[in-house]
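# Secondary and tertiary structure notes
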Amino acid sequence: DDQGNKFLRLVMFGKPGAGKGTLSARLVKKYDILSISTGDLLRQHILERTPVGRQAEEIVAQGKLLPDEVMLKIVSSKLDHLRNKHWILDGFPRTVGQGELLDASLAKQGTPLSLVVNLNVPDDVILSRISDRWVHLPSGRVYNLSYNPPKVDGFDDETGEPLTKRPDDNPETFARRLNQFYASTSPLLEYYSNTTPSPRVGSQLLETLSGTTSDEIWVHLDALVRSTFPNLKESATSLE
Ligand code: AP5
């Protein structure tokens, strides 16, 4: 039977700071979906000083990208365990090479991508957000002093542990990450607009959502996910 349409395979695409992590977290909270953030995975490796972490530390701090094969290994070891789950990828693929590797590995599993969401937020909006971003490194939870501040200033809502700034969030490195996006990542938009249509009848795999606030984008994203997967279950906690 048509396995390919049974599980949500969503790529959350966008510039650094576009809101990929924030919007993925909202979907995970509302629905029975898991999210994999390669940025969070790398930060975890760096914290734990694994071999990957030692390789990643300098590259991430410089705002450059890790090699495609390293990233594929990290991602596929996670995806192998999630064959029967709905999932979101946040931060992967980030090059056309990664996009091709992902497509090949999903083709083997018989579950192709269902949706690629392109979060289109202007550069100046993003630059001002980043200076307000604080993170809880162990969990990847993201806060913003003006948009979604923590309950207690400077501390994580769930653990009470202190929040920190990401080392790659200083203006200089951030500018480099944005350039890296235009050079290496944005060609994926072309790649996805040329691939076969999505499982939704009469619609495209690639959907662009524009807006300057995530609340604005959230309404569209939620509707899009529902129309792609009408039977998606809401998680128990979302009804609180
Ligand atoms: P990664 O962690 O993936 O960084 P990124 O793509 O640069 O994305 P960000 O995490 O900065 O932003 P986001 O889009 O998730 O936005 P957020 O929701 O936080 O990767 C880090 C590094 O790892 C890379 O630079 C690279 O070196 C390496 N790496 C990762 N993946 C790789 C790969 N596949 N290949 C090679 N290397 C890889 O939102 C941003 C801020 O805005 C937050 O403060 C948030 O609260 C706030 N915000 C969100 N929405 C709104 C709103 N509507 N209004 C106001 N503020 C808002």
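This is a predicted model, so every value here is computed, not measured.

UniProt records the feature "domain: Adenylate kinase active site lid" (unreviewed entry) at residues 133-168, using the numbering of this structure. Between the end C-alpha atoms of residues 133-168 the distance is 11 Å, and the span holds 0% helix and 22% strand.

The next point concerns the packing of aromatic side chains. Taken as a whole, this structure holds three aromatic pairs when the rule is applied. Both rings, one in Phe-13 and one in Phe-181, keep their centres 5.8 Å apart while their planes meet at 55 degrees; by these two values the pair is tilted. Of the two residues, Phe-13 sits in strand 1 (residues 9-14) while Phe-181 sits in helix 7 (residues 171-185), which places them 168 residues apart along the sequence. Owing to a relative accessible area of 3%, Phe-13 belongs among the buried residues under this scheme.

With parallel pairing, the five strands of this open sheet are ordered in space as 2-3-1-4-7. Either end of the sheet is taken by a strand with one partner, and the two such strands are strand 2 (33-37) and strand 7 (206-210). When the angles between neighbouring strand axes are averaged without regard to direction, this sheet yields 20 degrees. Here strand 2 pairs with strand 3 (residues 86-90) via five bridges, running parallel. Residue pairing across strands places Ile-36 opposite Leu-89, the latter belonging to strand 3. Lying over the sheet, helix 2 (residues 38-48) contacts strand 2 and strand 3, oriented at roughly 60 degrees with respect to strand 2.

The next subject is the pattern of salt bridges. Overall, the coordinates contain 13 salt bridges when judged by the stated rule. Among the salt bridges present, the one from Arg-49 reaches Glu-57, with a minimum N-O distance of 3.2 Å. We classify Glu-57 as partly exposed; its relative accessible area is 35%. For Glu-172, the salt bridge goes to Arg-176, with nearest N and O atoms at 3.2 Å.

Attention shifts here to the confidence of the model for the protein chain. For the protein chain, mean pLDDT is 91; residues scoring 70 or higher make up 93% of the total. Quick note on the complex model: pTM equals 0.90, ipTM equals 0.90.

Attention now moves to the packing of helix 2 against helix 3 (residues 51-61). At a minimum axis separation of 8 Å, helix 2 and helix 3 run at an interaxial angle of 115 degrees. Compared by their axis directions, helix 2 and helix 3 come out roughly perpendicular. Like other packed secondary-structure pairs, helix 2 and helix 3 cross with a definite hand, here left-handed. Each of Leu-42, His-45 and Ile-46 in helix 2 lies in contact with helix 3, whose residues at this interface are Val-52, Gly-53, Ala-56, Glu-57 and Val-60. Here the residues of the contact of helix 2 with helix 3 sort into five nonpolar, two polar and one charged.

Each regular strand shows side chains that alternate between the opposite faces of the sheet. Of all six residues that make up strand 1, six are buried, and the element is covered over most of its length. Burial along strand 1 is two-sided: the face carrying Arg-9, Val-11 and Phe-13 and the face carrying Leu-10, Met-12 and Gly-14 are both buried. The pairing of strand 1 with strand 3 spans four bridges and is classified as parallel. Bridged to Val-11 within strand 3 is Leu-89. Inspection of the sheet shows strand 1 paired to strand 4 (residues 115-120) by five bridges, in the parallel sense. Looking across to strand 4, one finds that Gly-14 is bridged to Leu-119.

This paragraph deals with the nonpolar core. Leu-66, Leu-79, Leu-89, Leu-102, Leu-113, Val-116 and Tyr-192 are the most contacted members of the largest nonpolar core, which totals 29 residues. For this core, the element with the highest residue contribution is helix 4 (residues 68-79), accounting for five residues. Every residue in contact with Leu-89, bar those within four places of it in the chain, is listed here: Leu-10, Val-11, Met-12, Ile-36, Val-75, Leu-79 and Leu-102. Counting 25 residues, the second-largest nonpolar core is a separate cluster that includes Leu-10, Leu-23, Phe-174 and Leu-224.

At a closest axis distance of 11 Å, the pairing of helix 2 and helix 4 adopts a crossing angle of 100 degrees. When the axes of helix 2 and helix 4 are compared, the pair comes out roughly perpendicular. Residues Thr-38, Leu-41 and Leu-42 of helix 2 form the contact with helix 4, whose participating residues are Met-71, Ile-74, Val-75 and Lys-78. Within the contact of helix 2 with helix 4, the residues separate by chemical class into five nonpolar, one polar and one charged.

Definitions and limits used
Residues numbered from 1 in each chain as written. Predicted model: local features only at pLDDT ≥ 70, side-chain atom pairs only at ≥ 80, totals over all residues. Heavy atoms only, no water. UniProt positions renumbered as here; feature names shortened; annotations may be inferred. Helix = DSSP H or I, 4+ residues; strand = E, 2+ residues; numbered from the N terminus. Phe/Tyr/Trp six-rings, centres within 6.5 Å; stacked < 30°, edge-to-face > 60°. Buried < 20%, exposed > 50% of the residue type's maximum accessible area, 1.4 Å probe, protein only. Pairing = 2+ DSSP bridges. Axes fitted to C-alpha atoms, helices over the stretch in contact; angles between N-to-C directions. Contact = heavy atoms within 4.5 Å. Salt bridge = Lys/Arg side-chain N within 4 Å of Asp/Glu carboxyl O. pLDDT = per-residue confidence, 0-100. Parallel < 35°, antiparallel > 145°, perpendicular 65-115°, else oblique. Left-handed = near helix turned anticlockwise from the far one by under 90°. Nonpolar A, V, L, I, M, F, W, Y, C, P; charged D, E, K, R; others polar. Core = buried A, V, L, I, M, F, W, Y, C linked by side-chain atoms within 4.5 Å.

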